[in-house]
Amino acid sequence: MAIRSVREIGDEVLTKRCKEVKEMTPRTRQLIDDMLDTMYEENGVGLAASQVGILKRIVVIDVTGEDPYVLVNPRILETSGEQTGYEGCLSVPGKTGVVTRPNYVKVTAFDADMNPYELEGTELLARAICHELDHLDGHLYVEKVEGELQNADQLQEEGE
Ligand code: NI
């Protein structure tokens, strides 16, 4: 198990466009394993390679804690509907904000063996897919927040 350090907002690497993965190498496979370990360690629902400082088009997502998806070179095929809700990011620790995303997303991607597949998601999975794919193009959710960015712990207190 290898945990990589997660880059935080202000780090230039988070603003860069990631590059296509041309072939799966042992090094890239290790990166994917480390990304999964890091996502679980940090209690995230998704992680993009740029968040650990590597500019490759790879994201990992798991919205249930037992159903991980690896998406290499993901591309959105279809979106529909709308959802508005709170979002957070391991690269923006302690913060949260309201973002509107599609409620349904269909993507095509390659898995860790470079086999192509399609993934459909609604609600949280759709939100996570959109959030992570934005990272690959150098965008953070804070650019899309409606109203103010809030402290995550403050919001929790308000909700109690
Ligand atoms: Ni993020």
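Computed from a predicted structure; not experimentally measured. (Residues numbered from 1 in each chain as written. Predicted model: local features only at pLDDT ≥ 70, side-chain atom pairs only at ≥ 80, totals over all residues. Heavy atoms only, no water.)

Asker: In this structure, what is going on with the sheet that holds strand 8 (residues 146–151)? I would like to understand it.
Answerer: Strand pairs in the sheet, formed through backbone hydrogen bonds, run parallel or antiparallel to each other. If you walk across this open sheet you meet the three strands as 4-5-8, and the pairing is antiparallel. Only two strands of the sheet have a single partner each, and these edge strands are strand 4 (83–87) and strand 8. On average, each strand axis in the sheet is tilted by 25° relative to the strand beside it, whichever way the strands run. As paired strands, strand 5 (residues 95–101) and strand 8 are joined by three bridges and run antiparallel to one another. Looking at strand 8, one finds that Val98 is bridged to Glu146. The strands touched by helix 2 (residues 123–136) are strand 4 and strand 5; relative to strand 4, the strand with the most contacts, the crossing angle is about 65°. (Pairing = 2+ DSSP bridges. Helix = DSSP H or I, 4+ residues; strand = E, 2+ residues; numbered from the N terminus. Axes fitted to C-alpha atoms, helices over the stretch in contact; angles between N-to-C directions. Contact = heavy atoms within 4.5 Å.)

Asker: Help me understand the sheet that holds strand 6 (residues 104–110) in this model?
Answerer: Overall, antiparallel pairing links the five strands, which are arranged 1-2-3-6-7 in an open sheet. Since the sheet does not close on itself, it has two edges, and those belong to strand 1 (46–48) and strand 7 (116–122), each with one partner. On average, adjacent strands in this sheet sit at an angle of 35° to one another, irrespective of strand direction. Relative to strand 3 (residues 69–80), strand 2 (residues 58–61) is paired through four bridges, and the arrangement is antiparallel. Bridging across to strand 3, Val59 finds its partner in Leu71. Set on the sheet, helix 1 (residues 26–41) makes contact with strand 1, strand 2 and strand 3; between it and strand 2 the angle comes to about 35°.

Asker: I'm lost on the coordination of the nickel ion in this one. Help?
Answerer: Around a metal, the ideal angle is 109.5 degrees if four donors adopt a tetrahedral arrangement and 90 or 180 degrees if six donors adopt an octahedral arrangement. Protein-derived coordination of the nickel ion comes from Cys89 (SG), His131 (NE2) and His135 (NE2), at a distance range of 2.0 to 2.2 Å. If you list the donors of the nickel ion from N- to C-terminus, the spacing comes out as C-x41-H-x3-H. Taken together, the residues Cys89 in the loop between strand 4 and strand 5 and His131 in helix 2 connect sequence positions 42 residues apart. As far as the burial class goes, Cys89 and His131 line up, both buried. (Donors = N, O, S within 2.8 Å, 3.2 Å for Na, K, Ca; no water. Buried < 20%, exposed > 50% of the residue type's maximum accessible area, 1.4 Å probe, protein only.)

Asker: Honestly, the side chain of Arg57 in this entry has me stumped. Any pointers?
Answerer: Along the chain, Arg57 falls in the loop between strand 1 and strand 2. A polar contact is formed between the side chain of Arg57 and the backbone oxygen of Leu136, at a distance of 3.3 Å. Residue contacts for Arg57: discarding those within four places in its chain leaves Arg17, Cys18, Lys19, Glu20, Val21, Leu71, Val72, Asn73, Pro74, Leu136 and Asp137. (Polar contact = N/O pair within 3.5 Å; in protein donor to acceptor, adjacent residues only side chain to side chain.)

Asker: Where do I start with the nonpolar core in this structure?
Answerer: In globular proteins that are soluble, nonpolar side chains generally tend to be buried together. Counting 17 residues, the largest nonpolar core has Ile32, Met35, Leu47, Ile58, Val60, Val70 and Val72 as its most contacted members. Those elements giving two or more residues to this core turn out to be helix 1, strand 2 and strand 3. Of the residues forming this core, the biggest block, five residues, is contributed by helix 1. Once residues within four sequence positions are removed from consideration, Val70 is found in contact with Ile32, Leu36, Val59, Val60, Phe110, Asp111, Ala112 and Tyr117. Of all hydrophobic cores here, the second largest spans 16 residues; its members include Cys18, Ile61, Ala128 and Cys130. (Core = buried A, V, L, I, M, F, W, Y, C linked by side-chain atoms within 4.5 Å.)

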